[in-house]
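# Commentary on secondary and tertiary structure
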Protein chains: 2
Amino acid sequence: MHDFFGEIDPPQRLLMGPGPVNAHPRVLRAMSADLLGQFDPEMTGYMNEVMALYRPIFGTDNRWTFLVNGTARAGIEAALVSLVSPGDVVLVVNFGRFGLLLTEILGRIGARIETVEAPWGEVVPLDAIAAAIQRTAPRLVATIHGDTSTTMAQPLGGLGALCRDAGALLYVDATATIGGMELSVDAWGADIVTGGLQKCLGGSSGSAPITISDRAAEHIGRRRHVELGLRTDEFSDGDGLVIGSNYFDLGMIMDYWSEKRLNHHTEATTMLYGARECARIMLQEGLAARYARHSAAGRAMAAGLGALGLTLFGDERHRMTSVTAAFIPDEVDGETVRRRLREDFEIEIGTAFGPLAGKVWRFGAMGYNARKHKVLITLGALEAVLRAEGFACPPGEAVASALAAWDAV
Amino acid sequence: MHDFFGEIDPPQRLLMGPGPVNAHPRVLRAMSADLLGQFDPEMTGYMNEVMALYRPIFGTDNRWTFLVNGTARAGIEAALVSLVSPGDVVLVVNFGRFGLLLTEILGRIGARIETVEAPWGEVVPLDAIAAAIQRTAPRLVATIHGDTSTTMAQPLGGLGALCRDAGALLYVDATATIGGMELSVDAWGADIVTGGLQKCLGGSSGSAPITISDRAAEHIGRRRHVELGLRTDEFSDGDGLVIGSNYFDLGMIMDYWSEKRLNHHTEATTMLYGARECARIMLQEGLAARYARHSAAGRAMAAGLGALGLTLFGDERHRMTSVTAAFIPDEVDGETVRRRLREDFEIEIGTAFGPLAGKVWRFGAMGYNARKHKVLITLGALEAVLRAEGFACPPGEAVASALAAWDAV
């Protein structure tokens, strides 16, 4: 460490896994802008702009649309700890690893967790969720939108109405879909939806966009407001009204993002600049064009992988457009293929978790990387490595099929 | 919003308040580097480098020295929620706003909070802390190192030994001192110390360096490890062993930063690049030179403010070197002076909280801004504004006094 490890100089990998992916160069440049004081009018102006920019991205008119300062997981925990008191019944729609994560976070909060599940590679039918809501009478229904562990996207139409009829709130984790698949928060009737920058928004991990319905904001407002300087006996009554975290207390964070500008933490300025630029790039492209580009990339990737002779994983009616899983052929070692792609081609593809570990690869085409040439380059490199490893692929079919699929409507 | 608010283009303010301050340009440039996958060997290599770089900055050999992904407050909450179970007695050394913040966070966790206090502008004598430890038999003693709300730096020598003798752990929040005043974590005998980038380290808010003693790591290890997929009945036994947060579970985050590389969140890559560069700049400058520079800047600022005819706040034996508070003269309106400094000179100085609100200004000289010309420019501008607002200052004295004080040893 005598030279303190040298200047930052990462290799220029092409990140074609389930995220994080390469940030858009404009986002990286935005993150090198000079800092501002947290109550500088220019800074609070940028905060207000971020609120306005993320509303169309979430598909909402929600006033409370802002950033949680942490990775996507911070947004999830902020939503759950602010909505759920110990002992509350929460119904988790669980169809992959990130549904399990919801139960894990909710367990820490002391929720009474009920689940309605689908096997990995499937989604949960709406009528099964409806029956589970009837059975469990939850305070909150919590679900993932797109779960990268299985590549499945849960249909959400009608779910908000079911929740509303049952007096439940609805939380949706859209980390893997925001910026790549259409979010319709108001049409879904979702109460809190959170995301992350590092996938289809083409940014860097460390900031979590969030949107909160008026109904959820009122619920949070009814939980006790805690002012600096209160003492232990005012917290320990055990009625569960006080939100169990200061950092993730969305009531306090709303006060910070409101005209009140009550001091909470120091806003992560550089990440806010990045989040703002992610949103600008997306709105300049246009929502419809953005989603069509991700669809084309997903279609091309799937067609190319199929043309290589690989079998795709999961229910094709519900596949996310931004990430595709394919079974690893028996003839090759999955990790050797990944290593050769990384070392020889500087391309990263994804491994898998839990029941799929060692069985599938995951191929992402997200955000700035949901582009034709990146899909084609990935498929061409994969074909070369597979052939070198002894798996016979039809020469040139993958790229040709992907090209045809890109342009198909 | 028809043009989506335009490119990021913040005014180039000189941030001479108590933080956040201007980031070093090298840090801003490092944050525009290309991203990497979170388990890429180049990425995990950078993570290991960060661990090595922050050990000398903390003054520790602690293996567990890494980053929490969030602002400085995230580091505080991660430390407290990972160390403290509901019902644990925690003694808070409280001499300002950030001591109150510790009690606020601990209250959410369900700790039984005891305090030992000093009036704002003073520190807590070691014998008072010793007596409070005897009286309260805490599981944890928690203190701020430098509290920017009062500009006081709490002496910490001997405190670790007192805690150890009493079987207590010691937590220190060094957000406002890391990078500017010497941290001697091992010599103090502190068990967890956390910081932030946005003050004397000259970085951007959003990453919290942390160091954890083996003793504290063992304590955290004894708390129940929770694996993904466990269900509610395994959480709800109420023995307080499970850490109440997933995102801030330092046991899981240690597993992520260890050779195990167990997946937790996606590391905030850009912030890690920035944190790494902050540390490199500091170690290249040299610790002694770094602290001497902050001392000179604090000395110069204090001398200059005094020469303007302002009265400094707080016990001068315990003033932080990086932030100085001065009483607002009766002849002027504090907010008008701040506004004119910002609008006419693009210089930001700090307001104050709680009992000091409206009574003092706070002047920081932190990190990249702890430089002679920035102190002189600030004093010169302040002199001009004060005179324009009707407060008679001796012409030129402030800059001359600051110059002389800068070079004094």
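Below, the structure is looked at part by part. Since the structure is predicted, the reported quantities are computational estimates derived from the model, not experimental observations. (Residues numbered from 1 in each chain as written. Chains lettered and ligands numbered in written order. Predicted model: local features only at pLDDT ≥ 70, side-chain atom pairs only at ≥ 80, totals over all residues. Heavy atoms only, no water.)

### What about the sheet that holds strand 9 (residues 192-194) of chain A?
All names here are of chain A. Spatially, the seven strands line up as an open sheet ordered 2-10-9-8-5-3-4, and their pairing is mixed. The open sheet terminates on both sides in strands that have one partner only, identified here as strand 2 (64-68) and strand 4 (112-117). Across the sheet, the axes of successive neighbouring strands diverge by a mean angle of 20°, strand direction being ignored. Relative to strand 9, strand 8 (residues 169-173) runs parallel, the two being bridged by three bridges. Among the inter-strand pairings, V172 is bridged to a residue of strand 9, identified as V193. Contacts from helix 4 (residues 97-109) reach strand 3 (89-94), strand 4, strand 5 (140-144) and strand 8, with the element oriented near 160° to strand 3. (Pairing = 2+ DSSP bridges. Helix = DSSP H or I, 4+ residues; strand = E, 2+ residues; numbered from the N terminus. Axes fitted to C-alpha atoms, helices over the stretch in contact; angles between N-to-C directions. Contact = heavy atoms within 4.5 Å.)

### Here we look at the packing of aromatic side chains
Within this structure, the stated rule accounts for 15 aromatic pairs over all chains. These aromatic residues form a ring-pair network of at least three members: Y247(A), F248(A), Y247(B) and F248(B). Geometry around F98(A) places R97(A) over its ring, the cationic atom sitting 4.9 Å from the centre. One residue, R97(B), lies across the ring of F353(B), its end atom 4.2 Å from the ring centre. (Phe/Tyr/Trp six-rings, centres within 6.5 Å; stacked < 30°, edge-to-face > 60°. Lys NZ or Arg CZ within 6 Å of the ring centre and 35° of its normal.)

### Some words on the interface of chain A and chain B
Every contact between the two is made by 94 residues of chain A and, on the other side, 93 residues of chain B. Here chain A packs against chain B, burying approximately 7800 Å² in sum over the two surfaces, 59% of which is carbon and sulfur. At the boundary of chain A with chain B, the tally comes to four salt bridges. For the salt bridge of R13(B) with D40(A), the shortest nitrogen-to-oxygen distance reads 2.5 Å. Our enumeration of links across chain A and chain B arrives at 38 residue pairs in polar contact (both at pLDDT 80 or more). Split into classes, the residues belonging to the side of chain A that touches chain B amount to 41 nonpolar, 30 polar and 23 charged. (Buried area = accessible area lost by both parts, 1.4 Å probe. Salt bridge = Lys/Arg side-chain N within 4 Å of Asp/Glu carboxyl O. Polar contact = N/O pair within 3.5 Å; in protein donor to acceptor, adjacent residues only side chain to side chain. Nonpolar A, V, L, I, M, F, W, Y, C, P; charged D, E, K, R; others polar.)

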